[in-house]
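Secondary and tertiary structure notes
Residue-level listing of the chains:
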Amino acid sequence: MDASRVRKNPAMAKVTTGAQPSERFEASTPGSHALWQRAVGSLPGGNSRTTIFHDPYPLYVAHGNGCRVTDVDGVERIDFISNYTSLILGHCHPRVVEAVQLQATRLMSSATANELEVEMAERLRERLPSVELVRFANSGTEATMLAIRAARAFTGRTTIATFAGGYHGSHDYAVSIPADTRARPGGMGVPSAVADTVVVAPFNDHDATLTVLEPRLDDLAAVVVEPVLGAGGVIPAEPEFLRFLRELTDASGSLLVFDEVIAFRVGYHGAQGRYDVTPDLTTLGKIIGGGLPVGAFGGRAEVMALFDPRRDPPLAHGGTFNGNPLSLAAGLATLAELTPATFTELEALTSELTSELATLFADSDIAACITQLGSLFNIHLTDGPVLSHADVVASDRPLMRELHLALLDHGILFTPRGMGCLSTPMTRAEVDAFADATRLALAERAP
Ligand SMILES: Cc1ncc(COP(=O)(O)O)c(C=O)c1O
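Keep in mind the model is a prediction, meaning the values are calculated, not measured.

1. Regarding the pattern of salt bridges
With the rule as written, the count across this model stands at 21 salt bridges. One salt bridge in this structure joins Glu347 and Arg274, with 2.8 Å as the shortest N-O distance. With Glu347 in helix α13 (residues 340-362) and Arg274 in helix α10 (residues 270-275), this residue pair connects regions lying 73 residues apart in the sequence. Under the relative-accessibility criterion, Arg274 is labelled partly exposed at 37%. Here Glu302 makes a salt bridge to Arg300, at a shortest N to O gap of 2.5 Å.

2. Points about the site of the ligand
Surrounding the ligand, one finds Ser139, Gly140, Thr141, Tyr167, His168, Gly169, Glu226, Asp259, Val261, Ile262 and Lys286. Between Gly140 and the ligand, the recorded distance is 2.8 Å, taken from a backbone N or O atom to an oxygen atom. The contact in question runs from an oxygen atom of the ligand to an N or O atom on the side chain of Lys286, over 2.8 Å. When the free accessible area of the ligand is taken as 390 Å², the share hidden by the protein chains comes to 83%. Tallied by class, the residues present in the shell around the ligand amount to 3 nonpolar, 5 polar and 3 charged.

3. A look at the pairing of strand β2 (residues 68-71)
One ladder, built from 4 bridges, connects strand β1 (residues 61-65) with β2; its direction is antiparallel. Its bridge partner lying in β2, His63 is registered against Thr70. Between the end of β1 and the start of β2, which pair antiparallel, lie 2 residues, with Gly66 showing a positive phi angle near 60°. In the sheet, β2 pairs with strand β3 (residues 76-79) via 3 bridges, with the strands oriented antiparallel. Each residue of the ladder has a partner; that of Thr70, found in β3, is Glu76. Hairpin geometry of β2 and β3 is characterised by an intervening segment of 4 residues between the two adjacent antiparallel strands and by a positive phi of about 85° at Gly74.

Rules used throughout
- Residues numbered from 1 in each chain as written.
- Predicted model: local features only at pLDDT ≥ 70, side-chain atom pairs only at ≥ 80, totals over all residues.
- Heavy atoms only, no water.
- Salt bridge = Lys/Arg side-chain N within 4 Å of Asp/Glu carboxyl O.
- Helix = DSSP H or I, 4+ residues; strand = E, 2+ residues; numbered from the N terminus.
- Buried < 20%, exposed > 50% of the residue type's maximum accessible area, 1.4 Å probe, protein only.
- Near = heavy atom within 4 Å.
- Polar contact = N/O pair within 3.5 Å; in protein donor to acceptor, adjacent residues only side chain to side chain.
- Areas by Shrake-Rupley, 256 points an atom, 1.4 Å probe, with all protein chains shown as cover.
- Nonpolar A, V, L, I, M, F, W, Y, C, P; charged D, E, K, R; others polar.
- Pairing = 2+ DSSP bridges.

Structural data, given as structure tokens:
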């Protein structure tokens, strides 16, 4: 083991060997602790983004550069989550910074159209042939909400089918998805009238999906699916499963919506290019904003034409910051860097990491199954295989959260649920650093 490759956290010197990961985290992040204590006075739980909270409190990061971030105590870590997969070029990529700076001096926003949205729409159509027309929004949440509205308006139907473990943002339909297909859709604050329009099927399970959907086929507006479950555990769809969904939606007169808010980063033509299945609508976000807020949805011209303001009435979709020049300038600069070769290289590097991790866990007493598609991966502490969200729920998630804190301590920014991704500034050195940190974390746990 080459422990020198792992950047040691200087604050750790004060912490007793053998301390629990959470104790070491608290001891080594005094600046984050102080900020969080201040934050709880003004923000519920000190938080505005449920998905980034973890016990005992989240890390506060002051700056990022390439694939590294520095926390408010001055400790640098390698960022293996990249703002939940959105910073595919890493932090503050020079071309993205240049594009944003230039655009900030030209036009930040205005109550007019702008050329950047025309250009971005053309770039997306080139990469995603299923997208004939596209519209921009400010988040993936808005993108999926509007794709659902478009599907309902186009079909005149109401029911939306989704999959357990799917994540589509934080609007009412999206948060209606329970983790377990036996639970009713819905959640705190979601009216039952809304939750009743959502049905949830098990991912990658042809027969069970048919059983769930069959009673609702006449009212089915859309099947909304991530071609690779992202937040649900980086679980790639089986190709036959997506083909089955395509056939089912065609036969029932409903629309197939691919949520590629995360999945678009798995290939030059997104996940749909890899699977060779053509959706009716696609939702996008994250990497197409180059690190700034963005959302987009697009697809078949006859569906998207509902939004044409020359219609009477059109399907309305306002938004003060839709197609805002700053996000699109950052996004265009990002896409310009992402050639087919970039995706191939990033995937190869990710495979090196996942196979190294698989070996490390196999040599330890902890069962693990590492899932991967493109530059996305997820460590699941279970024997596997991990084919659906039920398998994720059955894994040792408390231990994964412990491992997450240990990795933070050894210089790796990762997620408590085990999801990670690579970014283009990474090389074999960062892969080795992740492996070394994992090796140290596993060794510390050993009796
Ligand atoms: C697949 C998927 N869809 C939608 C969203 C929501 O995007 P946003 O966080 O930009 O609202 C996310 C966010 O992680 C996502 O992973």
